[in-house]
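Spelled out, the chains give:
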Amino acid sequence: MVYKVILFLLGFSFFCANTHAQNLPSIKFVNCDSVYDYGSIATGEEPRYQFEIKNTGDTALLITDMTSESGDFKFEYPQKPIKAHKKTLIFVTYSPKDPTAVGSFKSEIFITSNATPKPYPFIRISGTVLPTKDASATPKTQQSGRGGRGGR
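Calculation criteria
- Here the residue numbering is sequential within each chain, running from 1 through the sequence in written order.
- Selection of residues for local features in this predicted model requires a pLDDT of at least 70, selection of side-chain atom pairs for listing and counting requires 80 or more, and totals for whole chains, interfaces and linings are taken over all residues.
- Computation of side-chain values: all heavy atoms of the structure, hydrogens and water removed.
- Grouping buried Ala, Val, Leu, Ile, Met, Phe, Trp, Tyr and Cys residues that are joined through side-chain atoms within 4.5 Å yields what is termed a nonpolar core.
- Whether a residue is buried, partly exposed or exposed follows from its accessible area with a 1.4 Å probe, protein chains only, as a fraction of its type maximum: under 20%, in between, or over 50%, in that order.
- Helix and strand assignments follow DSSP, with helices taken as H or I runs no shorter than four residues and strands as E runs no shorter than two, numbered in order from the N terminus.
- By definition in these notes, contact holds between two residues if any of their heavy atoms fall within 4.5 Å.
- We count a salt bridge whenever a side-chain nitrogen from Lys or Arg sits within 4 Å of a carboxyl oxygen from Asp or Glu.

Q: Can you help me understand the nonpolar core in this one?
A: One finds Tyr38, Met66, Phe73, Ile90 and Ile125 to be the most contacted residues of the largest nonpolar core, which totals 23 residues. Sorting the residues of this core by element identifies β2 (35-42), β3 (48-55), β4 (63-68), β5 (73-76), β6 (87-94), β7 (103-113) and β8 (120-130) as the ones contributing at least two each. Sequence-distant contacts of Met66, defined by excluding residues within four places in its chain, comprise Phe75, Tyr77, Ile90, Ile109, Phe110, Ile111 and Phe122.

This is the structure we're talking about:
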């Protein structure tokens, strides 16, 4: 009898937790993965990448901050809440602390929002900075899933 009560309480707790989790805001990428490669860029360029995201939760999503491991990125994100099931754009610009540095780079981008209590990895970005400008440099703004080198 005691086991049935405990089993019932555990099942009820799981049901309540699962129902609550479905109501929270959440972020889903639209037309891209959580990995992006800028490819080859020229020294001094600051390419900008456009991500389309969707709030797949049932309540408004509020992004409060974005940061990177390296500090070599600038971010533009909506300051107003993103309504449930709506899409929006986030822009990430590679802006190195040392504009003369060349070579490959990798960084994880973190996002803070009301969907989680602390910053969590949002996307991994990599690329290579070439010593001089050339024709293989990426365009200034790229869109996720519509060209560029998104994917794993």
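Q: When you look at the pattern of salt bridges in this model, what are you seeing that I'm missing?
A: In a structure, side chains of opposite charge can pair up when their charged atoms sit close to one another. According to the stated counting rule, one finds three salt bridges in the structure shown. Here Glu46 ties to Lys74 by a salt bridge, and the two come within 3.9 Å at their closest N and O atoms. Here Glu46 is found in the loop between β2 and β3, whereas its partner Lys74 is found in strand β5, with 28 residues between them in sequence. Lys74 sits in the partly exposed class, given a relative accessible area of 48%. Of the charged contacts in the structure, one is a salt bridge between Glu76 and Arg48, with a shortest N-O distance of 3.0 Å. Here the residue Glu76 occupies a position in strand β5, and Arg48 occupies one in strand β3, the gap between them amounting to 28 residues. A relative accessible area of 38% places Glu76 in the partly exposed class. The exposure class of Arg48 is partly exposed, given its relative accessible area of 25%.

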